[in-house]
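The primary structure of each chain is shown beneath.
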Amino acid sequence: MERKKGALEKKSEKLKILIIGGTGFIGYHLAHKCLELDWSVTIFSINKPKKIRNHKNVKYVRGNLFIKSSLKKINRHYDYVVNCGGYVDHKNKIKVYNSHFIGCKNLVDIFINKQIKMFVQIGSSAEYGDIKSPHNENLTCNPKSFYGKAKLKATQYLLKKNKSHNFPCTVIRLYQIFGIKQDDNRLIPFVINSCLKGETFPCSDGKQYRDFLPVQDLTEAIIKILIKKKTSGEILNIGSGKFIKIKSLINLIKKKINNGKPIFGKIKMRKEENKKAYPSIKKIKKLINWHPKLNFNKEILKKILYYKNQIE
């Protein structure tokens, strides 16, 4: 009887997840989803969480990804590790390289012998560079930005360790993710806030094509990847599978709010920016049967209401 009781207690232990860079927008929503599943959540980040992205039932550990002594703070057992970490300002090449490549390498070196069930690396569509869309995962990447090159180097390192040490890892390449509690300098929050305030605001010419996915769909995909464990050693694109012209998106928001004045062509496109960047999502659909569920227009309306309440 005692043995059976011990076995049951062990079976009922909470799954433990470590979210690197979890004080950010994606990390916050992933942590929220994990708490709903009654998982034990630890967040490792260089920054404290903002008030709007602070969870009560999360353990926060502060440290720096590319300082190995700092990483000793998280040297314990976890079932899953998701790396959302990385320097936000892509103009600082040293910090971009250190956080997106050296940081990832340091994490792998720590967890390679820890018998974790899955390590998920948040990659980027920037790894593809100027390759023609829709991107599929078998294409040879040609990144133009320093950020894209650092992300690709991290991807290559992970896949190498997967082959040489059977390290359980999946790289997910994200496109445009949006939702509530996103930083105000991102495109959708910026346009919504500007229109709600009736402001005149600068934009690019808006001729870029992008894929936008609600963050809730992304977190569902990540949880499926972690639980199913069918994607070890794979690269997966995650997006809506649809694309929209940026000018059309801005005009859509302006129309729904019935205010605001975008000045198109005021901001120049970055040299390394791909005019058309959207993915094929056939692979992730096939491997783990994941499909985007949320309606784009409804999610935009929710976000407008969220920011309207914030302003009021």
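The notes below deal with the structure included here. (Residues numbered from 1 in each chain as written. Predicted model: local features only at pLDDT ≥ 70, side-chain atom pairs only at ≥ 80, totals over all residues. Heavy atoms only, no water.)

1. Here we look at the sheet that holds strand 3 (residues 59–62)
So, step 1. Reading across from one edge, 3-2-1-4-5-6-11 is the order of the 7 strands in this open sheet, with parallel pairing throughout. Sheet topology places strand 3 and strand 11 (234–238) at the edges, where each strand pairs with a single neighbour. On average, adjacent strands in this sheet sit at an angle of 20° to one another, irrespective of strand direction.
So, step 2. Looking at chain direction, strand 6 (residues 169–174) and strand 11 are connected through 5 bridges and run parallel. Residue pairing for strand 11: Ile-172 is matched across the bridge by Leu-236. (Pairing = 2+ DSSP bridges. Helix = DSSP H or I, 4+ residues; strand = E, 2+ residues; numbered from the N terminus. Axes fitted to C-alpha atoms, helices over the stretch in contact; angles between N-to-C directions.)

2. A few points about the packing of aromatic side chains
In this description, an aromatic ring pair is defined by two values, namely the gap between the centres and the angle between the planes.
So, step 1. Under the counting rule described, the total for this entry stands at 11 aromatic pairs.
So, step 2. Clustering of aromatic rings is evident, with ring pairs tying together Tyr-97, Phe-101 and Tyr-157.
So, step 3. The ring of Tyr-128 carries Arg-173 above its face, with NZ or CZ at 4.7 Å from the centroid.
So, step 4. Sitting over the ring of Tyr-209, Lys-276 keeps its end group 5.2 Å from the ring centre. (Phe/Tyr/Trp six-rings, centres within 6.5 Å; stacked < 30°, edge-to-face > 60°. Lys NZ or Arg CZ within 6 Å of the ring centre and 35° of its normal.)

3. Here's the deal with the packing of helix 5 (residues 187–196) against helix 9 (residues 296–311)
So, step 1. Running from N to C, helix 5 and helix 9 point in directions that differ by 55°, and their axes come no closer than 10 Å. When the axes of helix 5 and helix 9 are compared, the pair comes out oblique. When you trace helix 5 past helix 9, the crossing you get is right-handed. On helix 9, the residues touching Ile-188, Pro-189, Ile-192, Asn-193 and Leu-196 of helix 5 are Ile-300, Lys-303, Ile-304, Tyr-307, Lys-308 and Ile-311.
So, step 2. Among the residues forming the contact of helix 5 with helix 9, the class breakdown is 8 nonpolar, 1 polar and 2 charged. (Parallel < 35°, antiparallel > 145°, perpendicular 65-115°, else oblique. Left-handed = near helix turned anticlockwise from the far one by under 90°. Contact = heavy atoms within 4.5 Å. Nonpolar A, V, L, I, M, F, W, Y, C, P; charged D, E, K, R; others polar.)

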